[in-house]
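Summary of structural features
Chain by chain, the residues:
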Amino acid sequence: MSIDKDTAARVAKLARIKVEEDALPALAQEFNTILGFIEQLNEVDVEGIEPMTSVTPQRLKRRVDEVTDGNQQDKVLKNAPDAREGFFAVPKVVE
Amino acid sequence: MTDLNTLGLAEARDKLRAKEITSVDLTQACLDAAEASGALNAFVHHTPDIALAQAKAADARLATGDAHDMCGLPLGIKDLFCTKGVASQAGSAILEGFKPEYESTITQNLFDAGAVMLGKLNMDEFAMGSSNETSVYGNAVSPWRRGNDDTALTPGGSSGGSAAAVAADLCLAATGTDTGGSIRQPAAFTGTVGIKPTYGRCSRWGVVAFASSLDQAGPMTKSVRDAAIMLEAMAGHDAKDSTSAELAVPNFEAMLTGDIRGKKIGIPKEYHMDGMPEDIEALWAQGREMLKAAGAEIVDISLPHTKYALPAYYVIAPAEASSNLARYDGVRYGHRANLAAGDGITEMYEKTRAEGFGHEVQRRVMVGTYVLSAGFYDAYYNRARRVRALIKRDFEQVFAAGIDAILTPATPSAAFGLGEMDNEDPVKMYLNDVFTVTVNLAGLPGISVPTGVDHQGLPLGLQLIGRPWEEGDLLNTAYALETAAGFVAKPGKWW
């Protein structure tokens, strides 16, 4: 599998990272190096092996579905780059 | 009198209890050492006011005679741990200015035990790196040098600041985290001890996430005994981390008898790598002899899927990272890019993440995005998770056959020079974790013990891998190795 410039651009878009047009060929090349390394996994016989979901065999613990925290609006907003009137502020998303 | 900052945790604890020293004096000695260590760039945020307040409280508690082992002992904290009101940036520009409103469970556990925080320590950005060269704060520098050569060397990574600070006696011990080797590799590079506990032994709550199924925190210390003391204080079940184990934490220090007679130590043949330096081969052979002389039985074993651990890791870790790091969007915390007229929310995300993430982090997030994308999920991500199951099975089989611990080199080389890998492809850097990454994939405990020096006088470490949840037994084997190796070398002070 070889990654071209267009695929690199699509991945950057999916990852929401702006990559300048002129940086795409080098990025595609890096992806190819890493994916070439990963390709070794195709040598392994994984027939009948389930993908690992949890490294230690454990069931997720259940708990009562109840509110245990809250009323900390000021703390939640404290680190926001732009907070106004009790909300996170972002550029306009609806025309 | 010895400079107080050169003490280890156990010695300092004993002196505090015997009222030979106070925590305030001990803390001040470390603060002074940290203050004068700018050339190492290990401490990136100093917190002297917090440290001295905690030290005074610790002295008061010690005076009552009711104090935990960690009480009054000054530590450095890796920047990955959220510490309330104190910058916690994970070495990234995207968390510039972020001051958590909460405390990570591990630092809270340490503070509850009376430990003192000197400040935050340098690291690779989001713990992605093996040389501390991807940090927004710049490189951390090892206190070690190659003889009289003044080439700046890496302290390893990602916990490079932690390793440099402990090796240079800027603190008594430090916290680290390990996703693929980030505690054990820097420990090996700096002549210090680092243990990655079993996955689930320490809470991940409040530790900035990189790859959640692999991340574990652990102590980085000057001795195995210190590691036992500090791990006990860090570990334990936490309702806020659903993967933390509901198991009692034993008194690890009490398990350090040094008696390993009859223990079966496995030597995996797959860890003999082509082109491995002679120094490392020789060290490994010496380690085998030391454990044998201490009464252990040395057994040749095979872990056949070892070769596939790094490629599996470089699917799984980036996949989890791409998901975890999606939260850095310029909305809730940290950096937001300046926007041009007409930019919408998508441009805000894209510009913010391009400016805030460094090159290696961007690369891994995008690789992760790719392997999780439609059409490739099965071929890459699911296949890697299957290989991971096989890697874990390799270990289960040798443990089922009676092996108590596995001895391997910790790293494939001694510390290299900062910048020496700049022109290599990224995979070359990834090879640093070749001996450590299997342990994360299998969720096992692993410890790096300084065991010797190479022909240039640089420290080298051996790794011991233990059975799940048996950190006590692992620490005891490490203690026997440490005792036999008698590693005492220290870097000469040049900074």
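Refer to the structure above for everything that follows.
An account of the accompanying structure is given in this report. All of these numbers come straight from a predicted model, not from anything done at the bench. (Residues numbered from 1 in each chain as written. Chains lettered and ligands numbered in written order. Predicted model: local features only at pLDDT ≥ 70, side-chain atom pairs only at ≥ 80, totals over all residues. Heavy atoms only, no water.)

1. Topic: empty space enclosed by the protein
Residues and elements named next belong to chain B. Applying the stated rule across the entire model yields 1 cavity of 30 Å³ or more. What lines the largest cavity is Ala 127, Met 128, Gly 129, Ser 130, Thr 179, Gly 180, Ser 182, Phe 210, Tyr 313, Tyr 314, Arg 364 and Asp 433. Across the lining of the largest cavity, the residue classes break down as 5 nonpolar, 5 polar and 2 charged. (1 Å grid on protein atoms, 1.4 Å probe; cavity = no way out; pocket = protein on both sides within 12 Å on 5 of 7 lines; lining within 4 Å. Points joined across faces, edges and corners; volume = space filled by probe spheres on them. Nonpolar A, V, L, I, M, F, W, Y, C, P; charged D, E, K, R; others polar.)

2. Description of helix 1 (residues 5–14) of chain A
Residue and element names in this part refer to chain A. Looking only at helix 1, the buried set comprises Thr 7, Ala 8, Val 11 and Ala 12. Looking down the long axis of helix 1, one finds its buried residues gathered within 140° of arc, a one-sided arrangement. Opposite its buried face, helix 1 presents the exposed residues Asp 6, Arg 10 and Leu 14, each directed more than 90 degrees away. (Buried < 20%, exposed > 50% of the residue type's maximum accessible area, 1.4 Å probe, protein only. Helix = DSSP H or I, 4+ residues; strand = E, 2+ residues; numbered from the N terminus. Arc of directions from axis to C-beta.)

3. Observations regarding the interface of chain A and chain B
Listed by partner, the interface residues are 50 residues for chain A and 68 residues for chain B. Linking chain A to chain B there are 6 salt bridges. Its salt-bridge partner being Lys 78 of chain A, residue Glu 101 of chain B comes within 3.5 Å of it at the nearest N-O pair. Of all the secondary structure elements, the ones that give two or more residues to the side of chain A that touches chain B are helix 1 and helix 2 (24–38) of chain A. Looking at which element gives the most residues to the side of chain A that touches chain B, the answer is helix 2 of chain A, with 8 residues. (Contact = heavy atoms within 4.5 Å. Salt bridge = Lys/Arg side-chain N within 4 Å of Asp/Glu carboxyl O.)

4. Some words on the nonpolar core
Residue and element names in this part refer to chain B. Of all hydrophobic cores here, the largest spans 169 residues; its most connected members are Met 70, Phe 126, Phe 395 and Leu 475. Of the residues forming this core, the biggest block, 10 residues, is contributed by helix 9 (residues 309–324). Apart from residues lying up to four places away in sequence, Phe 395 is in contact with Tyr 271, Leu 303, Ile 406, Thr 438, Ala 442, Leu 444 and Ile 465. Judged by nonpolar contacts, the second largest core, of 5 residues, contains Phe 189, Ala 415, Met 421 and Met 429. (Core = buried A, V, L, I, M, F, W, Y, C linked by side-chain atoms within 4.5 Å.)

5. Quick notes on a nonpolar patch on the surface
A surface patch of nonpolar side chains, about 260 Å² in accessible area, is lined by Val 90, Val 93 and Val 94 of chain A. Mapped onto the secondary structure, Val 90 of chain A falls in the segment after strand 2 (87–88). (Patch = residues over 30% accessible without salt bridge, like charges linked within 9 Å, V, L, I, M, F, W, Y side chains within 5 Å. Areas by Shrake-Rupley, 256 points an atom, 1.4 Å probe, with all protein chains shown as cover.)

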